[in-house]
Amino acid sequence: MLNGITIGQYFPGDSLLHRMDPRVKLVLTFVYIFAVFIPQNWVGLALAVCFLVFSVAVSRLPVKLVLKSVKPIIPLIIITSALNIFYVDEGVHLFDWGFIHITTQGLVTAAFIAIRILSLIAGSSLLTYTTSPTTLTDALERLMKPLKVFHLNVHELAMMMTIALRFIPTLVEETDKIMSAQKARGADMESGGLMQRVRALIPILIPLFVSSFRRAYELATAMECRCYRGGEGRTRMKQLHMNAMDGVCIAVMAVLVAGLFVLNFVLPAAL
């Protein structure tokens, strides 16, 4: 049931995205998240989607794998689309019943928002798909280095963020195993009212919490056995270096953002 969720997983490869400097990759991911919210028309959104398709092709990841990344947010997309369909009152009215009004503009807005969210999640997932947890930790630590001025331990902060992200697929797999075990014992989790379904989750949540605490304790013990003492004085086997291709990627992203601004603000004002 849950084994198709791939958030937080890393898939080794030798593509351009895999070889990019993780600091550049992380910054460009946040820039793309910002860029997805720029389009206010279909032309700008199509440009953002085309860039995403190009990035997936460059990453050499299976399209099916990228589509799996949006699986956990399908309920959110459905709820958001429904709100836009029922509460946008512009355009030609197709259906009216009480406070529910379905219009052509509502359907268009719902589709626009759904595509935007899908692009946002799929684009963000490329970061973890093409970056190992260790490399991602180094990139986060380097980027947050200025926070040391405020006496923050950026190494431990980056380590915690990376471990939390990496443990998402582990917890999903553990949840799936617990649910299968409870169903094999005759547990019914899909019938009854809302409260009955909530109570049916208790036999899942308790073992999941116990397993999570046990994994955390085992991880802490393993780190102590390896003499882990934080980031002070640590050396790195792989040093981070930017190359010419990273500069090209930055330039391409800058062109994308500039193009989206032109399509959504300059051209409409000129016309």
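Residues numbered from 1 in each chain as written. Predicted model: local features only at pLDDT ≥ 70, side-chain atom pairs only at ≥ 80, totals over all residues. Heavy atoms only, no water.

Colleague: Could you clarify how one ought to interpret the overall build of the protein in this entry?
Modeller: In terms of helices and strands, the protein carries 11 helices and two strands. Going residue by residue from the N terminus, the α and β elements of the protein occur as α-α-α-α-α-β-β-α-α-α-α-α-α. A separation of at least 24 residues holds for 72% of the contacts in the protein among residues at least 6 apart in sequence. By element, 70% of the accessible surface of the protein is carried by carbon and sulfur atoms, the whole surface being about 16,600 Å². (Helix = DSSP H or I, 4+ residues; strand = E, 2+ residues; numbered from the N terminus. Contact = heavy atoms within 4.5 Å. Areas by Shrake-Rupley, 256 points an atom, 1.4 Å probe, with all protein chains shown as cover.)

Colleague: Honestly, the side chain of Thr128 in this entry has me stumped. Any pointers?
Modeller: Secondary-structure assignment places Thr128 in helix α6 (residues 104-129). Exposure remark for Thr128: the relative accessible area of 10% places this residue in the buried category. At 3.1 Å, the side chain of Thr128 forms a polar contact with the backbone oxygen of Ser125. (Buried < 20%, exposed > 50% of the residue type's maximum accessible area, 1.4 Å probe, protein only. Polar contact = N/O pair within 3.5 Å; in protein donor to acceptor, adjacent residues only side chain to side chain.)

Colleague: So what exactly am I meant to see when it comes to unusual backbone geometry here?
Modeller: Peptide bonds are trans in most cases, and residues, glycine excluded, mostly fall at negative phi. Phi at Arg60 is positive, roughly 60°, even though this residue is not glycine. Mapped onto the secondary structure, Arg60 falls in the loop between α3 (42-59) and α4 (63-68).

Colleague: When you look at helix α2 (residues 22-36) in this model, what are you seeing that I'm missing?
Modeller: Because an α-helix completes one turn every 3.6 residues, residues spaced three or four positions apart along the sequence face the same direction. Here α2 spans 21 Å end to end across 15 residues, near enough to the 21 Å set by a 1.5 Å rise per residue. Those residues of α2 lying buried are Pro22, Arg23, Val24, Lys25, Leu26, Leu28, Thr29, Tyr32, Ala35 and Val36. (Expected span 1.5 Å × (residues − 1).)

Colleague: Quick question: what am I supposed to make of a nonpolar patch on the surface here?
Modeller: A contiguous nonpolar surface patch, about 530 Å² in accessible area, is contributed by Phe34, Phe261, Val262, Phe265, Val266 and Leu267. A relative accessible area of 47% places Phe34 in the partly exposed class. (Patch = residues over 30% accessible without salt bridge, like charges linked within 9 Å, V, L, I, M, F, W, Y side chains within 5 Å. Salt bridge = Lys/Arg side-chain N within 4 Å of Asp/Glu carboxyl O.)

Colleague: I would appreciate a short explanation of the nonpolar core in the present structure.
Modeller: Soluble globular proteins tend to bury their nonpolar side chains together. Formed by 24 residues in total, the largest nonpolar core has its most connected members in Tyr32 and Leu126. Of all the secondary-structure elements, those providing two or more residues to this core are α2, α3, α4, α6 and α11 (244-270). Leaving out residues up to four positions away in the same chain, Tyr32 has contacts with Ala48, Phe51, Leu52, Ser119, Gly123, Met253 and Leu256. Leu26, Met144, Val154 and Ala158 belong to the second largest nonpolar core, which has seven residues in total. (Core = buried A, V, L, I, M, F, W, Y, C linked by side-chain atoms within 4.5 Å.)

Colleague: How should the environment of Leu52 be read in this particular structure?
Modeller: Assignment of secondary structure puts Leu52 in helix α3. Remark: the alpha-carbon pair of Leu52 and Leu126, spanning 74 residues in sequence, is separated by 9.6 Å.

Colleague: Sorry, what's going on with the packing of helix α8 (residues 154-184) against helix α10 (residues 202-225) here?
Modeller: Each pair of packed helices can be summarised by the angle the axes make with each other and by the distance between the axes. Remark: α8 packs on α10, axes separated minimally by 10 Å, with the N-to-C direction vectors making an angle of 140°. Considering the angle they form, α8 stands oblique to α10. The two elements α8 and α10 cross, and the hand of that crossing is right-handed. Residue-level inspection shows Ile163, Phe167, Thr170, Leu171, Glu174, Thr175, Ile178, Met179 and Gln182 of α8 in contact with α10, the latter providing Pro203, Ile204, Pro207, Leu208, Ser211, Ser212, Arg215 and Leu219. (Axes fitted to C-alpha atoms, helices over the stretch in contact; angles between N-to-C directions. Parallel < 35°, antiparallel > 145°, perpendicular 65-115°, else oblique. Left-handed = near helix turned anticlockwise from the far one by under 90°.)

Colleague: Would you mind showing me how to read α8 here?
Modeller: With 31 residues, α8 extends 45 Å from end C-alpha to end C-alpha; this agrees with the ideal 45 Å at 1.5 Å per step. The sharpest bend along α8 reaches about 35° and sits at Ile168, with the proline Pro169 one to four residues further on. Among the residues trailing α8, Gly186 stands out with phi positive, at a value near 95°. (Bend = angle between axes of the 7 residues up to and from the residue.)

Colleague: I would appreciate a short explanation of the packing of aromatic side chains in the present structure.
Modeller: Each aromatic ring pair is summarised here by two numbers: the centre-to-centre distance and the angle between the ring planes. Scanning the model with the defined rule gives three aromatic pairs in all. Centroid distance Phe11 to Tyr129: 5.4 Å. Interplanar angle 80°. Geometry classified as edge-to-face. With Phe11 in the segment before α1 (16-19) and Tyr129 in helix α6, this pair connects stretches of sequence that are 118 residues apart. Residue Phe11 is classed as partly exposed on the basis of its relative accessible area of 23%. (Phe/Tyr/Trp six-rings, centres within 6.5 Å; stacked < 30°, edge-to-face > 60°.)

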